[in-house]
Amino acid sequence: MITDLQNKFTGCIIGTAVGDALGAPFEGRRIPTGMTAKELLAGFRDLPTYPKGQYTDDTQLTIVLAESIIAKRAIDGPDITRRFSRLWERGTIIGAGGASSFAMREYLEGKKTWDQCGAPPGQAGNGTAMRAGPIGLWHFDETEMIPESATIASIITHRDRRAVAGAAVVASTVAYGITHPRVDPVELIDLLHSVCSDINEEFAAQIKNLGTWLGEDEEQAVQHIIDLGQIDSFKGSWNGRITAYVIPTVLIVLYYFLMHPDDFTTTLSKVILTGGDVDTTGAIAGAISGAHNGFGDIPIRLASGVKDATALRELGQKLYEITLEQIKKKS
Ligand SMILES: [Mg+2]
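Here's what I pulled together on the structure shown here. Because the structure is a prediction, the values reported are computed rather than measured. (Residues numbered from 1 in each chain as written. Predicted model: local features only at pLDDT ≥ 70, side-chain atom pairs only at ≥ 80, totals over all residues.)

### A closer look at the overall build of the protein
Here is step 1: If you tally the helices and strands in the protein, you get 16 helices and zero strands.
Here is step 2: In terms of C-alpha radius of gyration, the protein reaches 18 Å, essentially the compact-globule figure of 20 Å for 331 residues.
Here is step 3: The burial tally for the protein puts 55% of its 331 residues in the buried class.
Here is step 4: A separation threshold of at least 6 residues defines the contact pool for the protein, and within that pool the share at least 24 residues apart is 74%. (Helix = DSSP H or I, 4+ residues; strand = E, 2+ residues; numbered from the N terminus. Rg over C-alpha atoms; globule rule 2.2 N^0.38 Å. Buried ≥ 20, exposed ≤ 12 C-beta atoms within 10 Å, placed from the backbone. Contact = placed C-beta atoms within 7 Å.)

Structural data, given as structure tokens:
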């Protein structure tokens, strides 16, 4: 029998891949004017030279992180780094961000150890938040562990505190979504604010603002979030939409998740149709809403049409099993 909790684990992993693969063909491109949620969700579009349903680095690194947790029964920095680096060594990583590629080059050239190879502070892209789902799954029953584990899993590629905070926020939201049948926006914002305050005040302040923006009209709220990302290092490439800066990336997902917590397809389509770095915003929306609502709420044509669907489901299942084993061992 498949339990509700099992469904949430597989929902998080498959949700990541579905959001990533739906968004990837539109990454950094204009979303066609007037495109509806129904059109977007009808099926995967072609990503040139790849099979239909192909996901990108967001899901690849999420998979590797989950595999490392399964192998090590821990968030093991050196092991995760070795596994990440193989994707660069083999040239199989798809659409990697600048900070992650920099870090893996430093690591593979033997210049730096796993905890020193990450891009230096100042580079606060969304590359850590996009792969944080498994951290929330693994620690769903011991959320006080999330900040430390998010730090270990993030500094491999990004040593900026905002990037660390982004991963902690995504993982904490996944854990909250699993354990709370009903999402209370005020409670979740308070929780995320307190998680974030210990890591990065700037990120924490924007989490607080989200509480205000939820009460505004949608267009205005989304514009506030888009505006956060228009900083020098990111604003050039994303058509004035959601940039790859970690703060707006995470906030746009939280905004639509809090607006539609029980509706996977609405959260995911609204996030992607906002435009910008949409493979990553899609991946995070899929992880968070997939964890809360479970595998069964992901349209089956997408859940079974995404590349490696069966293997991804098995990965979620395996992570579920070892997480429960660990909980039993402790009690
Ligand atoms: Mg990507």
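### Looking at unusual backbone geometry
Here is step 1: Despite not being glycine, T49 shows a phi value in the positive range, around 70°.
Here is step 2: In this structure, T49 sits in the loop between α2 (37-41) and α3 (57-72).

### Considering the packing of helix α1 (residues 4-23) against α3
Here is step 1: Packing of α1 against α3 brings their axes to within 9 Å, and their N-to-C directions diverge by 165°. Taken together, the axis directions place α1 and α3 in an arrangement best described as roughly antiparallel. Crossing of α1 against α3: the hand is left-handed. For the pair α1 and α3, the contacting residues are I13, T16, A17 and D20 in the first and D58, T59, T62 and A66 in the second.
Here is step 2: Looking at the contact of α1 with α3 residue by residue, the class counts come to three nonpolar, three polar and two charged. (Axes fitted to C-alpha atoms, helices over the stretch in contact; angles between N-to-C directions. Parallel < 35°, antiparallel > 145°, perpendicular 65-115°, else oblique. Left-handed = near helix turned anticlockwise from the far one by under 90°. Nonpolar A, V, L, I, M, F, W, Y, C, P; charged D, E, K, R; others polar.)

### With respect to the nonpolar core
Here is step 1: In this structure, A167, A168 and V170 are the most contacted members of the largest nonpolar core, which totals 105 residues.
Here is step 2: Ranked by residues supplied to this core, first place goes to helix α8 (residues 161-179) with twelve residues.
Here is step 3: Ignoring any residue separated from it by four or fewer positions in sequence, one finds A167 in contact with T128, A129, A132, I135, A150, A153 and S154. (Core = buried A, V, L, I, M, F, W, Y, C linked by C-beta atoms within 7 Å.)

### A word on the environment of D76
Here is step 1: The residue D76 is located in the loop between α3 and α4 (77-89) in this model.
Here is step 2: Here the alpha-carbon distance between D76 and F44, two residues 32 residues apart in the chain, equals 34 Å.

### A look at the packing of helix α12 (residues 246-259) against helix α13 (residues 264-274)
Here is step 1: Between α12 and α13, the least distance of the axes is 9 Å, while the angle of their chain directions is 145°. Between α12 and α13 lies a crossing whose hand is right-handed. Contacts between α12 and α13 involve I252, V253, Y256 and F257 from the former and T267, K270, V271 and T274 from the latter.
Here is step 2: Considered class by class, the residues forming the contact of α12 with α13 number five nonpolar, two polar and one charged.

### Re the environment of A171
Here is step 1: Inspection of the secondary structure puts A171 in helix α8.
Here is step 2: Using a count of 31 C-beta atoms within 10 Å as the deciding quantity, one classes A171 as buried.
Here is step 3: Expressed as a C-alpha distance, the spacing of A171 and S149, which sit 22 residues apart in the sequence, is 9.6 Å.

### Brief notes about helix α5 (residues 98-108)
Here is step 1: Within the span of α5, buried status applies to A99, S100, A103, M104 and Y107. Down the axis of α5, the buried set is contained in an arc of 125°. They therefore lie on one face.
Here is step 2: Those residues of α5 hidden inside the fold are in contact with α4.
Here is step 3: Directly beyond the C-terminal end of α5, a positive phi value near 75° is found at G110. (Arc of directions from axis to C-beta.)

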